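Report on the structure
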Amino acid sequence: QVQLVESGGGLVQAGGSLRLSCAPSGQTFRPYAVGWFRQAPGKERDFVAAIITGTGRTYYADSVTGRFTISRDNAKNTVFLQMNSLEPEDTAVYYCAAAARFTLPVRIISAYDYWGQGTQVTVSS
């Protein structure tokens, strides 16, 4: 069973930045795609960004385009989500997800086989 470990969440003021990391724990697992989703209290889990690890192609939700950047370090088997110009509306639990093999579209929850436990991001106004 693949376990994904997220890190980098925390509390930040509006306009600030955070960088989230996602990596599989203790195994050599090379996903086809890695995505980030977020879930605010009382709301559904929404797509944030995704990356195809082989090609580097990226996808973003409209709400984060221009502020968030997803990237990967294949040597370290780690995916990052750089979040800049954070807003209180970005407050949520952020989840990393991995698709083991080719899948499309990458913006939907069912495209992913494995999920992390989530990391809290809180943006104060």
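Thresholds applied
- Residues numbered from 1 in each chain as written.
- Predicted model: local features only at pLDDT ≥ 70, side-chain atom pairs only at ≥ 80, totals over all residues.
- Heavy atoms only, no water.
- Core = buried A, V, L, I, M, F, W, Y, C linked by side-chain atoms within 4.5 Å.
- Buried < 20%, exposed > 50% of the residue type's maximum accessible area, 1.4 Å probe, protein only.
- Helix = DSSP H or I, 4+ residues; strand = E, 2+ residues; numbered from the N terminus.
- Contact = heavy atoms within 4.5 Å.
- Salt bridge = Lys/Arg side-chain N within 4 Å of Asp/Glu carboxyl O.
- Phe/Tyr/Trp six-rings, centres within 6.5 Å; stacked < 30°, edge-to-face > 60°.
- Lys NZ or Arg CZ within 6 Å of the ring centre and 35° of its normal.

**Brief notes about the nonpolar core**
If you look at the biggest cluster of nonpolar residues, it comprises 38 residues, and the most contacted ones within it are Trp36, Leu81, Met83 and Tyr94. Taken together, the elements giving at least two residues each to this core come down to β3 (18-24), β4 (33-39), β5 (45-52), β6 (58-60), β7 (68-73), β8 (78-83), β9 (92-99) and β11 (119-124). Setting aside residues no more than four positions away along its own chain, Tyr94 makes contact with Glu6, Leu20, Trp36, Phe37, Arg38, Val48, Phe68, Leu81, Met83, Gly118, Thr119 and Val121.

**Considerations on the pattern of salt bridges**
Under the defined criterion, the tally for this structure stands at three salt bridges. Ionic pairing is found between Glu87 and Arg67, a salt bridge with its closest N-O pair at 4.0 Å. One end of the pair, Glu87, is in the loop between β8 and β9; the other, Arg67, is in the loop between β6 and β7, with 20 residues separating them in the sequence. Of the charged contacts, one joins Arg67 and Asp90 as a salt bridge, the two residues approaching to 2.8 Å between their closest N and O atoms. Taken together, the residues span a long stretch of sequence, with Arg67 in the loop between β6 and β7 and Asp90 in the loop between β8 and β9 at a distance of 23 residues. Assigned by exposure class, Arg67 and Asp90 land together as buried. Here the residues in one salt-bridge network are Arg38, Arg67, Glu87 and Asp90, joined through shared partners.

**Some points on the packing of aromatic side chains**
All chains considered together, the criterion is met by six aromatic pairs. Members of the aromatic cluster, each reached through a chain of ring pairs, are Phe37, Phe47, Tyr112 and Trp115. Geometry around Tyr95 places Arg45 over its ring, the cationic atom sitting 3.6 Å from the centre. Arg45 extends its terminal NZ or CZ atom over the ring of Trp115, reaching a point 5.1 Å from the ring centre.

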